[in-house]
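# Working through the structure, step by step
Given next are the chains, with one letter for each unit.
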Amino acid sequence: SGMSAEGPRAGYNGDVYGLATACINEGVRNYIAPLWWVGDATAKRMAQAFYDALVLQRATIGSALQRARRKAKTAAEATLGEYGLYEISWASMVLYGDPGERWLEALGR
């Protein structure tokens, strides 16, 4: 949902090229989406870490995503596969918007 595989198409639907662009163009302040497939276990781990940092620790949105990515990367590295490789879908999560915004403060606006 974060990236269109086809790329921009001239004149397409008011020049909207992907779901992220559409949301930002309609006023969504922050949008997090993967650029490619994310495994279920990684998605769950990242969601838990993200919301823990965002809500309980009152981190900024960018910092919460960074913490979630680090936690998922650490867990993935602990499960090395054949040839020392591990799953890297955690790296596909991207924030569109202001990384310095605090979610709870934004709710008050």
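Here's what I pulled together on the structure shown here. (Residues numbered from 1 in each chain as written. Predicted model: local features only at pLDDT ≥ 70, side-chain atom pairs only at ≥ 80, totals over all residues. Heavy atoms only, no water.)

## As for the pattern of salt bridges
The tally for this structure, following the rule as stated, stands at two salt bridges. Here Glu 101 makes a salt bridge to Arg 29, at a shortest N to O gap of 2.5 Å. Placement of Glu 101 in the loop between β2 (93–97) and α4 (103–107) and of Arg 29 in the loop between α1 (19–25) and β1 (30–34) is noted, with a sequence separation of 72 residues between them. What makes Glu 101 buried here is its relative accessible area of 6%. Lys 73 is the partner of Glu 77 in a salt bridge, and the nearest nitrogen-oxygen pair spans 3.3 Å. Taken together, the residues span about one helical turn, with Glu 77 and Lys 73 both in helix α3 (residues 61–77) at a distance of four residues. Taking relative accessible area as the criterion, Glu 77 reaches 33% and is therefore assigned partly exposed. (Salt bridge = Lys/Arg side-chain N within 4 Å of Asp/Glu carboxyl O. Helix = DSSP H or I, 4+ residues; strand = E, 2+ residues; numbered from the N terminus. Buried < 20%, exposed > 50% of the residue type's maximum accessible area, 1.4 Å probe, protein only.)

## A closer look at the packing of aromatic side chains
The final tally for this structure, using the stated rule, is two aromatic pairs. Note on Tyr 31 and Tyr 96: the rings are 6.1 Å apart at their centroids and 55 degrees apart in plane angle, and the pair reads as tilted. Separated by 65 residues along the polypeptide, Tyr 31 in strand β1 and Tyr 96 in strand β2 bring together distant segments of the chain. Judged by centre distance (5.0 Å) and plane angle (80 degrees), the ring pair of Phe 50 and Tyr 51 falls under edge-to-face. Given the relative accessible area of 10%, Phe 50 is considered buried. (Phe/Tyr/Trp six-rings, centres within 6.5 Å; stacked < 30°, edge-to-face > 60°.)

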